[in-house]
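Residue-level listing of the chains:
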Amino acid sequence: MDPLPCGLIAFRHAPVPLSGVCYGRLDVAAELSPEGAATTIERALRDLALRPGVVWSSPLSRCALPAVELAARLGAPHAVDERLVEIAYGAWEGRAWSDIERDDPIAYAAWLDGWERAGPPGGESAIEVEARVRSFWCALSPACGASPHLLVAHAGVLRALRVVACGASWLEAMSAPAPHLAAERFPLPASAVSLEAR
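This report concerns the structure included in the present document. (Residues numbered from 1 in each chain as written. Predicted model: local features only at pLDDT ≥ 70, side-chain atom pairs only at ≥ 80, totals over all residues. Heavy atoms only, no water.)

1. A look at the overall build of the protein chain
Applied cut-off: Helix and strand assignments come from DSSP, with helices taken as H or I runs of at least 4 residues and strands as E runs of at least 2, each series counted from the N terminus. To get the radius of gyration, use the C-alpha atoms; to get the globule rule, take the number of residues to the power 0.38 and multiply by 2.2 Å. Contacts are residue-level and defined by heavy atoms, with any inter-residue pair within 4.5 Å sufficient. Accessible surface is estimated by sampling points in the Shrake-Rupley manner with a 1.4 Å probe; for residues, cover comes only from the protein chains shown. The charged-residue count follows a simple rule in which Lys and Arg add positive charge and Asp and Glu add negative charge, with His and chain termini not counted at all. Taken as the charge centre is NZ of Lys, CZ of Arg, CG of Asp or CD of Glu, depending on the residue.
Of the regular secondary structure elements, the protein chain holds seven helices and five strands. Beginning at the N terminus, the succession of helices and strands in the protein chain can be written as β-α-β-α-β-α-α-α-β-α-α-β. The C-alpha radius of gyration of the protein chain comes to 17 Å, within 12% of the 16 Å expected for a compact globule of 198 residues. Seen through its C-alpha atoms, the protein chain measures out along the principal axes to roughly 50 × 40 × 25 Å. Long-range contacts, defined here as pairs at least 24 residues apart, represent 72% of the contacts in the protein chain between residues at least 6 apart. Approximately 9100 Å² of the protein chain is accessible, and the part contributed by carbon and sulfur atoms is 56%. Side-chain charges in the protein chain split into 17 positive and 23 negative, and the spacing between the mean points of these groups amounts to 5 Å.

2. Some words on the packing of aromatic side chains
Note the cut-off: The pairing test for Phe, Tyr and Trp rings, Trp by its six-membered ring, is centres within 6.5 Å, and the orientation test on the planes gives stacked under 30 degrees, edge-to-face over 60, and tilted for anything in between. Between buried and exposed lies partly exposed: a residue is buried under 20% and exposed over 50% of the maximum accessible area for its type, with that area taken using a 1.4 Å probe on protein chains only.
Throughout the structure, instances matching the rule amount to 10 aromatic pairs. Between Tyr-89 and Trp-97, the aromatic rings sit 5.6 Å apart at their centres with planes inclined by 90°, giving edge-to-face as the arrangement. Judged by its relative accessible area of 15%, Tyr-89 falls in the buried class. What links up through ring pairs into an aromatic cluster is the set Tyr-89, Trp-92, Trp-97, Tyr-108 and Trp-111.

3. Side note on the nonpolar core
This is how the line gets drawn: Remark: nonpolar core denotes a set of buried residues (Ala, Val, Leu, Ile, Met, Phe, Trp, Tyr, Cys) joined through side-chain atoms within 4.5 Å.
Of all hydrophobic cores here, the largest spans 34 residues; its most connected members are Trp-56, Leu-151 and Leu-161. Mapped onto this core, the elements with two or more residues apiece are β1 (8-12), β2 (54-57), α4 (105-114), α5 (126-138), β4 (149-153), α6 (155-166) and α7 (170-175). Sorting elements by how many residues they give to this core places α6 first, with eight residues. Those residues in contact with Trp-56 that lie beyond four places of it in its chain are Ala-67, Ala-79, Asp-81, Leu-84, Phe-136, Leu-140, His-149, Leu-150, Leu-151 and Val-152. By size, the runner-up hydrophobic cluster in this structure holds 18 residues, among which are Ile-9, Leu-50, Leu-70 and Leu-150.

4. Points about the pairing of β2
Inclusion rule: Strand pairing follows a simple DSSP-based rule, namely that at least 2 bridges must link the two strands.
Residues of β2 alternate between two faces, with Val-54 and Trp-56 on one and Val-55 and Ser-57 on the opposite face, all of them buried. Taken together, the four bridges between β2 and β4 define a ladder with parallel strand orientation. Bridge pairing in β4 links Trp-56 to Leu-151. Of the strand pairs in this sheet, β2 and strand β3 (residues 78-80) are connected by three bridges, and their pairing is parallel. Paired with Val-55 across the strands is His-78, a residue of β3.

5. Regarding the packing of α5 against α6
Definition in use: As a rule, the C-alpha atoms of each element are fitted with a line to give its axis, helices using only the stretch in contact, and angles between N-to-C directions run from 0 to 180 degrees. Any angle from 65 to 115 degrees is called roughly perpendicular, while one under 35 is roughly parallel, one over 145 is roughly antiparallel, and all others are oblique. Charged means Asp, Glu, Lys or Arg here, nonpolar means Ala, Val, Leu, Ile, Met, Phe, Trp, Tyr, Cys or Pro, and polar covers whatever is left, Gly included.
One way to put it is that α5 packs onto α6 with a least axis distance of 9 Å and a crossing angle of 70°. For the element pair α5 / α6, the angle class is roughly perpendicular. Together, Val-129, Glu-130, Val-133, Arg-134 and Trp-137 of α5 and Gly-156, Val-157, Ala-160, Leu-161, Val-163, Val-164 and Ala-165 of α6 make up the contact between the two elements. Class assignment for the residues of the contact of α5 with α6 results in nine nonpolar, one polar and two charged.

Structural data, given as structure tokens:
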């Protein structure tokens, strides 16, 4: 996406030390320290010649702690928004995906078949994540001079932003990678594509 004079730049949090585990809403610490993650993001911002005016995050520590550190370094406010939390996996949180597939095969198969509109037991669908991320995005103000908004984000939120801010389908949003600590730029609502047209 072309650089914008005032947009939203997002970085996925650092990796977490869980492999093969469903951990959406679990408050799992990242493998990299908050200071280390902040340094990586700060370096990327310097390379892009960007100085954010506000640093957003979810309340989960893998996003919030590096966001606090970044805000302090940048002299910008840190804002926590519950709408930016990772997708809720309900009854599957904290369980190995292999165990879920073995122990709950009917619900697992139904979710794989209809994840856009059907969530795991007690969890969220992609459409539900999209709705809350859209609410956050639509509330962002372009009146911030030359300073973009910065977001330390979860993968599910990044993918929802691709849908709401860029007009991608969910299949398109899911097919593109969401690397850790890599910059992804989004327009603000005033600059965005027409969502009604998609």
